[in-house]
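# Structure at a glance
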Amino acid sequence: MRTASCSCGQLQIHLAGALRGVGVCHCLACQRRTGSVFAALAGFDAPYTVTGEATDYVRTGDHGARFRFRFCPVCGTSLFHTEEGCNRSSVSVAVGAFGDPDFPPPEDSVYDCRRHGWVELPASIRVYDRDPE
């Protein structure tokens with residue numbers, strides 16, 4: 001069981017499912033959503049539970065998929081998102097929300113075409129110019 005929390009602690013996600021993988025996304029939408037130069041996300045299988053109240057924001061990706069992002073309405077933390085209409089039951093959670101410096105490193109990097117030149121990635125990471133879908 002892992003728990004990730006927003007900055008103020010009002011919104012939490014409790015994950016009992018397996019870790020599917022860790023990745024970073026350098027697309028402009030993720031940069032704007034996080035206020036950082038990339039988003040670091042960990043994908044988990046269900047089951048998971050959410051405590052607290054969330055504000056939703058739905059964004060359509062480059063390939064037409066719709067992603068529902070959940071934010072804390074108190075502190076504004078972008079905590080997790082799901083893909084609408086996706087057959088698999090999984091969730092992507094902001095890695096920083098775990099507050100765990102020993103969290104596994106990213107395996108994949110997408111939208112490398114938007115990566116800031118000073119961002120260095122682990123040598124073992126798989127890099128994609130855009131989203132491999």
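Counting restarts for each chain: residues are numbered from 1 in the order of the written sequence. Residues qualify for local features only when their pLDDT is at least 70, as the model is predicted, and side-chain atom pairs are given and counted only at 80 or more; totals for whole chains, interfaces and linings, by contrast, use all residues. With hydrogens and water set aside, each side-chain value is computed from the structure's full complement of heavy atoms.

### Considerations on the sheet that holds strand β1 (residues 2-5)
Sheets are built from strands paired through backbone hydrogen bonds, the pairs being either parallel or antiparallel. Any two strands with at least two DSSP-identified bridges between them are counted as paired. Strands are runs of DSSP state E lasting at least 2 residues, helices are runs of H or I lasting at least 4, and numbering of each runs from the N terminus. Strands sit in the order β1-β2-β5 across an open sheet of 3 strands; the sheet is antiparallel. At either end of the open sheet lies a strand with only one pairing partner, and these are β1 and β5 (48-51). Averaged over all pairs of adjacent strands, the angle between their axes in this sheet comes to 15 degrees, without regard to strand direction. Pairing analysis gives 4 bridges linking strand β2 (residues 12-15) to β5, with the strands arranged antiparallel. Directly across from His14, in β5, lies its bridge partner Thr49. With axes taken as lines fitted to C-alpha atoms, and helix axes fitted only over the stretch in contact, angles between N-to-C directions fall between 0 and 180 degrees.

### Concerning the pattern of salt bridges
Any Lys or Arg side-chain nitrogen located within 4 Å of an Asp or Glu carboxyl oxygen qualifies as a salt bridge. Evaluation of the coordinates by the stated rule reveals 7 salt bridges. Between Asp56 and Arg68 there is a salt bridge; the shortest N-O distance is 3.2 Å. With Asp56 in strand β6 (residues 55-60) and Arg68 in strand β7 (residues 66-71), the pair connects residues that are 12 residues apart, well separated along the chain. Buried means the residue's accessible area, taken with a 1.4 Å probe over protein chains only, is under 20% of the maximum for its type, while exposed means over 50%, and partly exposed covers the values in between. Residue class for Asp56 comes out partly exposed when judged on its relative accessible area of 40%. We note a salt bridge from Arg126 to Asp108, for which the minimum N-O separation is 2.8 Å. Here Arg126 is found in strand β11 (residues 126-127), whereas its partner Asp108 is found in strand β10 (residues 108-110), with 18 residues between them in sequence.

### So, the pairing of strand β4 (residues 39-45)
Most of β4 sits out of view: 5 of its 7 residues are buried. In this sheet, β4 lies alongside strand β3 (residues 19-25) in antiparallel orientation, the contact comprising 6 bridges. In the strand pairing of β4, Val22 is matched with Ala42. Alignment of β4 against strand β9 (residues 90-94), held across 5 bridges, turns out to be antiparallel. Bridge pairing in β9 links Ala42 to Val93.

### Looking at the environment of Phe80
Note that Phe80 resides in strand β8 (residues 78-84). Phe80 sits in the buried class, given a relative accessible area of 5%. Separated by 68 residues in the primary sequence, Phe80 and Gln12 place their C-alpha atoms 9.5 Å from one another.

### Here we look at the sheet that holds β7
Spatially, β6-β7-β8-β9-β4-β3-β10-β11 is the arrangement adopted by the 8 strands of the open sheet, whose pairing is mixed. Strand pairing shows two members of the sheet lacking a second neighbour, β6 and β11, which therefore form its edges. The pairing of β6 with β7 spans 6 bridges and is classified as antiparallel. Bridge pairing in β7 links Val58 to Arg68.

### Digging into the side chain of His14
Turning to its location among the elements, His14 is positioned in strand β2. Within 3.5 Å is the distance limit for a polar contact, defined as a pair of N or O atoms, with the added protein rule that one can donate a hydrogen and the other accept it, and that residues adjacent in sequence qualify only through two side-chain atoms. There is a polar contact of 3.1 Å between the side chain of His14 and the side chain of Thr3. Polar contacts involving the side chain of His14 include one to the side chain of Gln12, which spans 3.5 Å. Contact definition: two residues touch when any of their heavy atoms are within 4.5 Å. Apart from residues no more than four positions distant in its own chain, His14 is found in contact with Met1, Arg2, Thr3, Pro47, Tyr48, Thr49 and Thr51.

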